[in-house]
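Notes for the structure review
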Amino acid sequence: MEELLDGLNESQQQAVVSTEGYIRVIAGAGSGKTRALTNRYAFIVNELGVDPSNMLSVTFTNKAANEMKRRVKKLVDGEQDTGFITTYHGFCVRVLREDIHRLFYPKNFIILDVEDQKILLREIFEDMNLKMNDKTFKRILDKIGMLKGNTHYVQQMILRGAMPDADDSGDLDSQIIQRYLKKQKRVYGLDFDDLLNFTFVLFEQYKEVLEKWQERLYYIQVDEFQDSSLKQFELVKMLAAQHGNLFVVGDPDQTIYEWRGADPKYMVEFDSYFKDAETIFLNRNYRSTPEILSLGNSLIQKNYFRVDKDMITENPSGVKVVHYHGKDENEEAKWVVQQIQEIVSRDGAEWKNIAIMYRANYLSRFIEQELIRENIDYTIFGGFKFFDRKEIKDALAHLRMIAVADDLSFSRIINVPKRQIGKKRMQFLRAKAEEEGLSLYDALKKYVDHERLLRTGAQSFIDAIESLKERQAELSVSELLQEAMQHTGYEAYMREDGDQERLDNLTELLHSIVQYEQSLGEDILLDEYLQMISLYTDDDRDNQKDSVKLMTIHTAKGLEFPYVFVVGMTENVLPNVRALRQRKERALEEERRLAYVAVTRAERELYLTESEGFQNGGQRKYPSRFIFEVNEDLYERIGQIDEALLEEAKEYIRASHHEKPIGIGDSYAKNTRVRHPVFGAGTIQEIDDKKNTYLVFFDQLKAPRPISRNFKKLEKLEE
Ligand SMILES: Nc1ncnc2c1ncn2[C@@H]1O[C@H](COP(=O)(O)OP(=O)(O)OP(=O)(O)O)[C@@H](O)[C@H]1O
Ligand SMILES: [Mg+2]
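Here's what I pulled together on the structure shown here. Values in this document were obtained by computation on a predicted structure and should not be read as measured data.

Cut-offs and rules
Residues numbered from 1 in each chain as written. Chains lettered and ligands numbered in written order. Predicted model: local features only at pLDDT ≥ 70, side-chain atom pairs only at ≥ 80, totals over all residues. Heavy atoms only, no water. Near = heavy atom within 4 Å. Polar contact = N/O pair within 3.5 Å; in protein donor to acceptor, adjacent residues only side chain to side chain. Areas by Shrake-Rupley, 256 points an atom, 1.4 Å probe, with all protein chains shown as cover. Helix = DSSP H or I, 4+ residues; strand = E, 2+ residues; numbered from the N terminus. Nonpolar A, V, L, I, M, F, W, Y, C, P; charged D, E, K, R; others polar. Axes fitted to C-alpha atoms, helices over the stretch in contact; angles between N-to-C directions. Parallel < 35°, antiparallel > 145°, perpendicular 65-115°, else oblique. Left-handed = near helix turned anticlockwise from the far one by under 90°. Contact = heavy atoms within 4.5 Å. Buried < 20%, exposed > 50% of the residue type's maximum accessible area, 1.4 Å probe, protein only. Pairing = 2+ DSSP bridges. Phe/Tyr/Trp six-rings, centres within 6.5 Å; stacked < 30°, edge-to-face > 60°. Core = buried A, V, L, I, M, F, W, Y, C linked by side-chain atoms within 4.5 Å. Expected span 1.5 Å × (residues − 1).

Moving on: the site of ligand 1. Residues in close proximity to ligand 1 total 19 residues, the closest being Gly 7, Lys 33, Thr 34, Glu 560 and Arg 601. In this structure, an oxygen atom belonging to ligand 1 sits 2.9 Å away from a main-chain N or O atom of Arg 35. In isolation ligand 1 has 630 Å² of accessible area, and contact with the protein removes 84% of it. The biggest single contributor to the shell around ligand 1 is helix 3 (residues 33-48), with 3 residues. Classifying every residue of the shell around ligand 1 by side-chain character gives 3 nonpolar, 10 polar and 6 charged.

A few words now on the packing of helix 21 (residues 440-447) against helix 22 (residues 458-471). At a minimum axis distance of 10 Å, the contact between helix 21 and helix 22 shows a crossing angle of 120°. Of the possible angle classes, the one that applies to helix 21 and helix 22 is oblique. Considering only the axes of helix 21 and helix 22, their crossing is left-handed. Taken together, the residues of helix 22 that come into contact with helix 21 (itself represented by Tyr 441, Leu 444 and Lys 445) are Ala 458, Phe 461, Ile 462, Ile 465, Glu 466 and Lys 469. Residues that form the contact of helix 21 with helix 22 fall into these classes: 6 nonpolar, no polar and 3 charged.

It is worth spelling out the environment of Glu 571 at this point. Locating Glu 571 in the fold gives a position in the loop between strand 15 (561-566) and helix 28 (577-581). Its relative accessible area of 1% is what places Glu 571 among the buried residues. Residues Glu 571 and Asn 9, spaced 562 residues apart in sequence, show a C-alpha to C-alpha distance of 40 Å. Not counting residues within four places of it along the chain, the set of residues in contact with Glu 571 comprises Leu 580, Gln 615, Tyr 622, Pro 623, Ser 624, Arg 625, Tyr 652 and Ile 653.

Our next topic: the sheet that holds strand 18 (residues 673-676). On the basis of which strands lie adjacent, the open sheet formed by 5 strands has the order 21-20-19-18-22 and antiparallel pairing. Sheet topology places strand 21 (705-708) and strand 22 (715-716) at the edges, where each strand pairs with a single neighbour. Of the strand pairs in this sheet, strand 20 (residues 693-698) and strand 21 are connected by 4 bridges, and their pairing is antiparallel. Each residue of the ladder has a partner; that of Val 696, found in strand 21, is Arg 705.

Overall, the coordinates contain 27 aromatic pairs when judged by the stated rule. On the numbers, 5.2 Å between centres and 70° between planes, the contact of Tyr 105 with Tyr 188 is edge-to-face. In this pair, Tyr 105 sits in the loop between helix 5 (88-99) and strand 4 (110-112) while Tyr 188 sits in the loop between helix 9 (172-186) and strand 5 (189-191), placing the two residues 83 residues apart along the sequence. Residue Tyr 105 is classed as buried on the basis of its relative accessible area of 2%. With a relative accessible area of 32%, Tyr 188 lands in the partly exposed category. Ring geometry for Tyr 490 and Tyr 493: centres 5.7 Å apart, planes at 55°, overall tilted. Taken together, the residues Tyr 490 and Tyr 493, both in helix 24 (residues 490-497) and 3 residues apart, mark about one turn of the helix.

Further remarks concern the nonpolar core. Phe 198, Phe 225 and Leu 246 are the most contacted members of the largest nonpolar core, which has 65 residues in total. No other element matches helix 10 (residues 192-205), which puts 7 residues into this core. Those residues within four positions of Phe 198 in sequence are excluded, and the remaining contacts are Leu 96, Ile 100, Leu 103, Tyr 105, Tyr 153, Val 154, Met 157, Ile 158 and Leu 190. By size, the runner-up hydrophobic cluster in this structure holds 37 residues, among which are Met 551, Ile 627, Val 630 and Leu 634.

A separate point is the environment of Val 344. Of note, Val 344 is situated in helix 16 (residues 329-347). Taking the C-alpha atoms as reference points, Val 344 and Ile 354, separated by 10 residues in sequence, lie 9.2 Å from one another.

Another aspect to go through is unusual backbone geometry. What is expected of a backbone is that most residues other than glycine have negative phi and most peptide bonds are trans. A cis amide bond, omega -5°, links Val 416 with the succeeding residue Pro 417. Structurally, Pro 417 is set in the loop between helix 19 (407-413) and helix 20 (423-436). A positive phi angle, near 60°, is found at Asn 375, a position not held by glycine. Looking at where Asn 375 falls in the secondary structure, it is placed in the loop between helix 17 (364-373) and strand 13 (378-380). Although it is not a glycine, Gln 420 sits at a positive phi angle of roughly 60°. Residue position: Gln 420 is located in the loop between helix 19 and helix 20. Here Gln 420 falls in the partly exposed class, since its relative accessible area comes to 46%.

Before going further, it helps to spend a moment on helix 18 (residues 390-403). An α-helical turn contains 3.6 residues, so any two residues separated by three or four positions project in the same direction. A rise of 1.5 Å per residue sets the reference length of helix 18, with its 14 residues, at 20 Å; its end C-alpha atoms lie 20 Å apart and thus fit the reference within 8%. Among the 14 residues in helix 18, 12 count as buried, and that is most of the element. Within helix 18 the residues assigned to the buried category are Glu 391, Ile 392, Lys 393, Asp 394, Ala 395, Leu 396, Ala 397, His 398, Leu 399, Arg 400, Met 401 and Ile 402. A positive backbone phi angle near 55° is found at Ala 405, which sits one or two residues after helix 18.

Have a look at this one:
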C-alpha cells in the first residue's frame, strides 16, 4: 500500500483511497490526474481485493489504455486481466460481443470505419446509377451521423430477419441512407456511433442485461472526463447506478472535442447530477517548468467560460519559452530542425523526447521534408494512417474472409488481384445474394459454375479461402496471414506492382502480429485479433522507436514530452479558420483550449513557431492571436519580425470582430465612462464577476443599474 501512495501528494492520496461513492477530481494539466487514477486502480485491486474484471477504467484513446495497462501491470501482482481498461467504444464492443445476440446480431459482427462506410456507399451509388464524389460522400456520411445522433433508428436495424426493402418515397439522400442501413445490416456491420447506440438499446430493452453489467462493475473510473459526450455520460451513469461508485478525473480547460459532442458540463456540474458527490482538487503541476506553466496559465485565462484554477509548481526554473518567426515556411522548418539537432547534441536528449505538434495533419509535410533532408528519423502519430492504407485493409480483409466471409471484405478483395470479376459480375452476384438471402461469398460458391462466372479466377479464390478455413485451428494468426497472402496471389500482385513501401507495410503488419502474439505468450484466436484490430486507430500503434514524434494537438492529449515544438502558430490555422468564421466566442475558446493542451504537453522546453507567406486564397499569414495574448514577458522572440508586420497582424486580428462577451481582455475597468443607447452616459461603479454585470451609475438616473457585460452596445466614452 505504501508503494501505491508513496510519491503522491496528499490530494492525490485522497483520490486514490476514495473508492466509494461519486467522486470527481478537477485539476489542470500535468497535475497527476492520470497517475492518481492509475494508482487508484491498483489500490482497489491490491488493497480492497477486488478482481480487475469487476472494475471499468475508461480512457480516451487506445494508446492511453495501453499505457495504463502497462503501468497497472507493474503495480498489481501476478497476471491480472486488464481487459476492462479500455475506451468507451472498446467497452461497448465487449458488451456487444457478449450480448448482441439479443438484438439478432451475431457476436462476430464487424466494425466499420469510414473507409468501409465509403465502400458500402459506393456500391449503393453504383446500384442506383448515381455519380459520386468526395463531397457527396461527406454529405451523406454527415447525414448518417446526424441520424445516429439518437437511438431511434436502431429499432429498424434490429428487427429480426432482413430489413424491409428501401422505401423509395423520400428524397434522394434519404433513399440512399435507407439503403445504407440495409446494407449495413446485411454485413452485420456496426460503425462507431452504432457501438454506443446498440449498447444503449440493449441496456434499455433488456433490463437483465443491464443488471448483469451493473452487478459486475463495482467500480467505474473515467479519465479525461471533460471530453465525454451526453451518451457517454449516460452510459457510465447507468452502469454506476447499482453500486454507486463512479470516479472521474478531468480538466475543463482541456475540452477539445466539443465539435464532436463533448460537453464539459458533466464534469463541471457533476455535483448536481450526483447529490453526495465529493470533489478533489489538485493544484500542483509536476510536468512543466514554471516558465511553461505561466505561459499556459496566461493563455487559458483569456477564456471567459471557465473557472479559474490556481496552479503552482515546485519544479526548478528552466529556460524561457521561445516564439520563433520565420520569413517563410522553409525557414521555419529549417530552424525547427536545427534547434532539434542542437537539443540533442547539447542535452544529449533522445530523439523520442522531442515532439512536434500542429493544428492539422497537412502541416506535417513541410517539417517532414526538412527532417528527411537532415536524415532524422521521425514517426507520425495520427497522420500515418497505417490501418487506413489500402494494402493493410486488403490484408485484413483476407483474414476476415477466413473468419466470417462478410460481404464487405469480399467486395474489397475478390478482384484484387484481377480475377475478371468486375462491375457486371458483381452486380449479378449481388442480385443472387439478395434474392436468396446469401452472403456474396456463398453466392459465389453456389454459382461458380454459372455461365456468367466462367473464365474467372473465382474457383481458385474459393479454394484458397476454403483451405485456410480448414487449417484455421492449427495455424497462428501470423501464419494464416502469410499463407493467405501467398495462396490468393495477393503478395505476388504486390510484388509485381513494385511498390516497396506497400510491401514494407505488409511486413510491418505481420511483424506487429508476431509481436503481439509474443507479448501474450500464446497464440491469439483469429476472431479476437480481428476484434482488437478493428478498434485500432492510427494513434495507437505503440511506437517506442527512438525518433522525433509528430502529431496533431488532438492526438497529443494526455501525453508529455521534454521538448515540444508547436509549429504553424498562424492566425487562421490556430485558431482555425472555421472557428473564426463562426464568429462565436465558444468556437474560438475551443481553439484556445487546443493551444493550451499543446503548450501544457511540454516538460522542459517549449517553442512556438510560425512564418510569413500567404494562405490559400491569398491571405497574408500573421502570427496567431494566441501569441499576442500571452504576457510578452513570458516568452522571448527569435527571428526577424518587423514592427510594421506586428502592427498589421494586430490590426487584422482586431478587425476579425467577434461576438465576444465584453470582459475578455478588453473589459471595462471600474470608473470607466460609458455610453448606453437608452440611458445615455454613465460611470461604472462596480463590477459583479459572479453575475457578469457592471453596476453603472447613469447621469440621468437616480440609482445605479446592472448592465450585462455581454451587452455589446455599451460603448466606452473617450474623454
Ligand atoms: N506526486 C507526484 N510526484 C512526482 N511526479 C508526479 C506526481 N504526480 C504526477 N507526477 C508526474 O507528473 C506528470 C504528469 O502527470 P499526469 O500525466 O498524471 O498528469 P495529468 O493531470 O493526467 O495531465 P493531463 O491533464 O495533461 O492529462 C507525469 O510525468 C507524472 O508521472
Ligand atoms: Mg492525464
